[in-house]
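# Summary of structural features
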Amino acid sequence: MKGRKIKVIYILGNSRSGSTILSIYLGMHPDISYLGEIKKMNDSYLNRYCSCGKKAEVCEFWGPIIQRNRGVFSRKEPSDAAWYRLISTWKAIFKISNSKIISDDGRLISDIHNVLSDTKQGEQIILDSSKSLKRYVNLSQISDIEVYPILIERDLRSNLASFVKRGMGFISSYLRIVVNLKMITRYLSRHNIPYFRVRYEVFATNPDKMRTQVLNFVGLGDDVHYEQTIDAFHLLSGSPNTIEGFKKSQTIKIHNEQKDPFTKIQQRLLKLMGL
Ligand SMILES: [Zn+2]
């Protein structure tokens, strides 16, 4: 690094709000390396595949990184329970997260950056689409790293529909989306942190324009060849099926509001809430 900070573009927001397609779009810039959700680096890597088609352990990009960062890759996969997420987010906000976890994460980012600098031209900004506020707060405490937060927001009704379609509870999904967004925006404004806000619907209508604005925010120009395709990315996912999903989401569906999945009662509730 030699005095220069490693730049990380960090996507904040809710799941199913369009962050993957935004990240793929940004990741086509030759100076940006999209690596998926880096927060998911833990002992689940053994069962995971990379988007290059290989198992994580033998992928030419991730394999050596996993070898060198055993501290990170032997961690237990965190619980997805709501109470766990809330407590660990509060711990991060009050800066009482485990400091070993933060320093291991810092070493991982700097190792990844070294590998990227050795193999690619240009500055190489790391794009992490983890979305969680906890990880953002932890990353922003690492002195070698400069984090550029991008907040993605999707129309609440569509975001909710996307959760419910996957069998998640209506009320719990609503609370999760609203509370999470509130915590993120309050944290950023309370600490006067500059961030860029992306409305998914605006992005989907004119992705090139939005990309230019995001690039400006992180100090990059858009007068480049967007030659990187998803085949050049190394994204770790659960199964080979997800990789097909990544490839499909390369095309932006603008009219993607399919029939909404809400029941009659839920629709009345939405109406009452003005959604
Ligand atoms: Zn790979």
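The following refers to the structure shown. (Residues numbered from 1 in each chain as written. Predicted model: local features only at pLDDT ≥ 70, side-chain atom pairs only at ≥ 80, totals over all residues.)

### So, helix α10 (residues 207-217)
Residues that lie three or four places apart on an α-helix share one face, since the helix turns once every 3.6 residues. Turning to α10, its buried residues number three or more, namely M210, R211, V214 and L215. Looking straight down α10, one finds its buried side chains confined to an arc of 140°; they lie on one side. More than 90 degrees from the buried face of α10, the exposed residues found are D208, K209 and N216. On its buried face, α10 is in contact with α1 (19-27), β5 (145-153), β6 (196-199) and α9 (200-205). Backbone geometry just downstream of α10 places G219 in the positive-phi region, at approximately 85°. (Buried ≥ 20, exposed ≤ 12 C-beta atoms within 10 Å, placed from the backbone. Helix = DSSP H or I, 4+ residues; strand = E, 2+ residues; numbered from the N terminus. Arc of directions from axis to C-beta. Contact = placed C-beta atoms within 7 Å.)

### Overview of the sheet that holds strand β1 (residues 6-13)
Judged by pairing direction, the sheet is parallel, and its five strands sit side by side in the order β2-β4-β1-β5-β6 without closing on themselves. With partners counted over all chains shown, the strands left at the sheet margins are β2 (32-34) and β6, one partner each. Ignoring strand direction, the axes of neighbouring strands in this sheet form an average angle of 30°. Here β5 runs beside β6; their pairing, made up of four bridges, is parallel. Counterpart to I152 in the pairing with β6 is V198. Sheet strands touched by helix α5 (residues 99-119): β1, β2, β4 (125-131) and β5. Its angle to β1, the strand with the most contacts, is close to 120°. (Pairing = 2+ DSSP bridges. Axes fitted to C-alpha atoms, helices over the stretch in contact; angles between N-to-C directions.)

### Overview of the packing of helix α4 (residues 82-93) against helix α6 (residues 133-140)
Two elements in contact, α4 and α6, have axes separated by 8 Å at closest approach and are oriented at 25°. With respect to each other, α4 and α6 are oriented roughly parallel. Classified by chirality, the crossing of α6 by α4 is left-handed. Contacts from S88, T89, A92 and I93 of α4 reach α6 at L133, K134, V137 and N138. Here the contact of α4 with α6 is composed, by residue class, of four nonpolar, three polar and one charged. (Parallel < 35°, antiparallel > 145°, perpendicular 65-115°, else oblique. Left-handed = near helix turned anticlockwise from the far one by under 90°. Nonpolar A, V, L, I, M, F, W, Y, C, P; charged D, E, K, R; others polar.)

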